[in-house]
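Secondary and tertiary structure notes
Spelled out, the chains give:
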Amino acid sequence: DRRSMDVLGATIEGDRAVVARLHSEGGQLVDRERHVLDVPDPSGDDVDVGSVGDAVNDVDVGSDGNAGDTGDAGNVLAAFVPQFYAERDLPDALVLSHHPGDEELSAWLDREGVEVTVPGAGREATLVDLALKNARRGDVGRDGTAALARALDLASVARIEGFDVSHAGGKAAVGSDVTFVDGEPEKSAYRRKRLSGGNDDYANMAELIEWRARRAVEGRDDRPDPDLLLIDGGEAQLEAAREALAEAGWEVPAVALAKEEETVITPDGPRDWPADAPETRLLRRVRDEAHRFAVQYHRGIRDEVSTALDSVEGIGPERRRDLLRRFGSVEGIRAASIEELRAVEGVGPRTAERIDRRL
């Protein structure tokens, strides 16, 4: 009876934490994915959890290679949830394998209207068990690259670069270039670029691919050439990318993955692969990460633009970002009540009233 629900199961395997996510809409399971998280050395530094393969907070590992106690996996979820959903829509409900034990996280989810449960029995407990089984299974990254290489008849797809563009009505257009190696993200090889194509997605994609290709051909890119390029889009975006590759003289295979149909597009036409096949899941992870990285960069550029908030006493760049992140836009802030404004960390009664008067 819920509109959307995410089931998160967390385990710790050696020096890695793994969070498996099952996503349902209207009672139907529509997506599942694993997020392999490196466990760093104790440092106390902030961490960044992206879509796959980033660090989480320090956790103690039991001798059997799983969580030493339930609190360890709870710590993983406490770090994963706020950072994973920072760039994504929260579901109506979160069903978790372990208690996060974080009061600030619980308060945030409560304010956002998210129902949180850690079931001990029943149907939801069965879903948690399924998520934990997904978290404990073998190395999905390497399985996916082997399957993808066979499906595309390529010698190897160990190194994949994914591309996406993002803009708002043609403004602040940017492009992302993310890298996966052996099925896992290689964050140090991520790149991003401001684009001049305005509202033309095809021109933006062509500009982004030509930029990458010319840097490779001219020896100005310090990264190895990838085995495969993945374009976020359909047939038209793939064609724009292939024309840019030909123009630059960079011979690298390219395919596309459209969001609406989740159909893999190759130069020879669409491929009818099962949605849960390892090759499809791998491409979807690369596509989603390219999208996340592009949107994150676009929001950063957008937030740099001067807004009506700049003239409000007590509102600096950090607080402005917090307000825009919380309400989505200046219009969203204008529609918020004083009580809702005060719920944003660092916005006191006087500042909330100033914002209300100014907007």
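Quick caveat, the model's predicted, so the values are computed rather than measured. Residue numbering note: each chain is counted from 1, following its sequence as written. Where local features are concerned, this predicted model is filtered to residues with pLDDT of at least 70; where side-chain atom pairs are given and counted, the filter is 80 or more; whole-chain, interface and lining totals use all residues. No hydrogens and no water enter the side-chain calculation; it runs on all heavy atoms of the structure.

Brief notes about the overall build of the protein
Operational definition: Comment: elements are numbered from the N terminus, with helices defined as DSSP H or I runs of at least four residues and strands as E runs of at least two. Remark: exposure states derive from per-residue accessible area (1.4 Å probe, protein chains only) relative to the maximum for the residue type, with buried under 20%, exposed over 50%, and partly exposed in between. For this analysis, residues touch if any pair of their heavy atoms sits within 4.5 Å. Where accessible areas are quoted, they stem from the Shrake-Rupley method and a 1.4 Å probe; at the residue level, only the protein chains shown are allowed to cover.
When its secondary structure is counted, the protein shows eleven helices and 13 strands. The proportion of buried residues among the 359 residues of the protein is 48%. For the protein, the proportion of contacts with a sequence separation of at least 24, taken over those separated by at least 6, is 58%. When the accessible area of the protein is evaluated, it comes to approximately 17,400 Å², of which 44% is carbon and sulfur surface.

As for the pattern of salt bridges
Rules: By salt bridge we mean one thing: a side-chain nitrogen of Lys or Arg within 4 Å of a carboxyl oxygen of Asp or Glu.
The full count for this structure, using the stated rule, is 23 salt bridges. With a shortest N-O distance of 2.7 Å, glutamate 161 and arginine 212 are connected by a salt bridge. You can see glutamate 161 sitting in strand β6 (residues 159–168) and its partner arginine 212 sitting in helix α5 (residues 201–217), a full 51 residues away along the chain. Assigned by exposure class, glutamate 161 and arginine 212 land together as buried. Here glutamate 218 and arginine 220 are joined by a salt bridge, their closest N and O atoms 2.8 Å apart. Judged by its relative accessible area of 46%, glutamate 218 falls in the partly exposed class. A residue is classified by how much of its surface remains accessible, and arginine 220, at 46% relative accessible area, is partly exposed.

Considering the nonpolar core
For clarity, the threshold we go by: Residues belong to one nonpolar core when they are buried, are Ala, Val, Leu, Ile, Met, Phe, Trp, Tyr or Cys, and are joined through side-chain atoms within 4.5 Å.
Core analysis: the largest hydrophobic core is formed by 21 residues, its most contacted members being Phe163, Met205, Ile209, Leu229, Ile231, Leu245 and Trp250. Counting residues in hydrophobic clusters, the runner-up holds 19 residues, among them Ala149, Tyr190, Leu230 and Leu282.

Considering the packing of aromatic side chains
Using the following cut-off: For this analysis, a ring pair means two rings from Phe, Tyr or Trp (six-membered ring only for Trp) whose centres lie within 6.5 Å, classed as stacked if their planes differ by under 30 degrees, edge-to-face if by over 60, and tilted for the remaining angles. When the NZ atom of lysine or the CZ atom of arginine is within 6 Å of a ring's centre and also within 35 degrees of its normal, the charge is said to sit over that ring.
All told, the structure shown has three aromatic pairs when counted by the stated rule. Relative to tyrosine 85, the ring of phenylalanine 84 lies with its centre 4.9 Å away and its plane at 90°, an arrangement referred to as edge-to-face. Comparing phenylalanine 84 with tyrosine 85, the two get one shared label, buried. Directly above the aromatic system of phenylalanine 84 lies the positively charged group of arginine 88, at a separation of 3.9 Å from the ring centroid.

A word on the layout of surface pockets
Put simply, the rule is: A cavity, in this analysis, means grid points on a 1 Å lattice covering only the protein atoms where a 1.4 Å probe fits yet has no way out; a pocket is instead an open set bounded by protein on both sides within 12 Å along at least five of seven lines, and a residue lines either one if it has an atom within 4 Å of a point. Grid points are joined across faces, edges and corners, and a volume is the space filled by probe spheres set on the points. Amino acids outside the nonpolar list (Ala, Val, Leu, Ile, Met, Phe, Trp, Tyr, Cys, Pro) and the charged list (Asp, Glu, Lys, Arg) are all regarded as polar, and Gly is one of them.
Space inside the second largest pocket adds up to approximately 270 Å³. What lines the second largest pocket is a set of 16 residues, among which Val30, Glu262, Ala275, Asp276 and Arg284 lie closest to the centre. Looking at the lining of the second largest pocket, the elements that each hand over two or more residues are β3 (28–38) and α7 (278–304). Examining the composition of the lining of the second largest pocket, we find that four residues originate from one element, β3, more than from any other. Of the residues belonging to the lining of the second largest pocket, the class tally is six nonpolar, two polar and eight charged.

Points about the confidence of the model for the protein
Stated precisely, the cut-off is as follows: Every residue carries a pLDDT, the predictor's confidence in it, which falls somewhere between 0 and 100.
Looking at the protein, the pLDDT average stands at 82 and 82% of residues meet or exceed 70. The low-confidence segment residues 40–71, where pLDDT is below 50, has 75 contacts with residues more than four positions distant or belonging to other chains.

Description of the environment of lysine 193
You can see lysine 193 is positioned in strand β9 (residues 191–194). In this structure the C-alpha to C-alpha distance between lysine 193 and serine 176, which are 17 residues apart in sequence, comes to 6.6 Å. Dropping the residues within four chain positions of it, lysine 193 is found in contact with Val174, Gly175, Glu207, Leu208, Trp211 and Tyr297.

Let's talk about unusual backbone geometry
For aspartate 153, which is not a glycine, the phi torsion comes out positive at approximately 60°. For aspartate 153, the location among the structural elements is in the loop between α4 (140–152) and β6. What makes aspartate 153 exposed here is its relative accessible area of 70%. Although it is not a glycine, aspartate 182 sits at a positive phi angle of roughly 55°. Among the structural elements, aspartate 182 can be located in the loop between β7 (171–181) and β8 (184–185).

Digging into a negative patch on the surface
Note the cut-off: The patches reported here contain residues having more than 30% relative accessible area and no salt bridge. Joining distances are 9 Å for like charges and 5 Å for nonpolar side chains (Val, Leu, Ile, Met, Phe, Trp, Tyr). The charge count treats Lys and Arg as positive and Asp and Glu as negative. His and the chain ends do not count. By convention, charge coordinates are those of NZ in Lys, CZ in Arg, CG in Asp, or CD in Glu.
On the surface, a cluster of negative charge is contributed by Glu103, Glu104, Glu318 and Glu345. Within the secondary structure layout, glutamate 103 lies in helix α2 (residues 103–111).

A look at the environment of arginine 284
By the element assignment, arginine 284 lies in helix α7. Assessed through its relative accessible area of 11%, arginine 284 is described here as buried. Put simply, arginine 284 and leucine 257 are 27 residues apart on the chain and 7.5 Å apart in space, counted from C-alpha to C-alpha. The residues contacting arginine 284, other than those within four sequence positions of it, are Asp31, Arg32, Leu257, Glu262 and Ala275.

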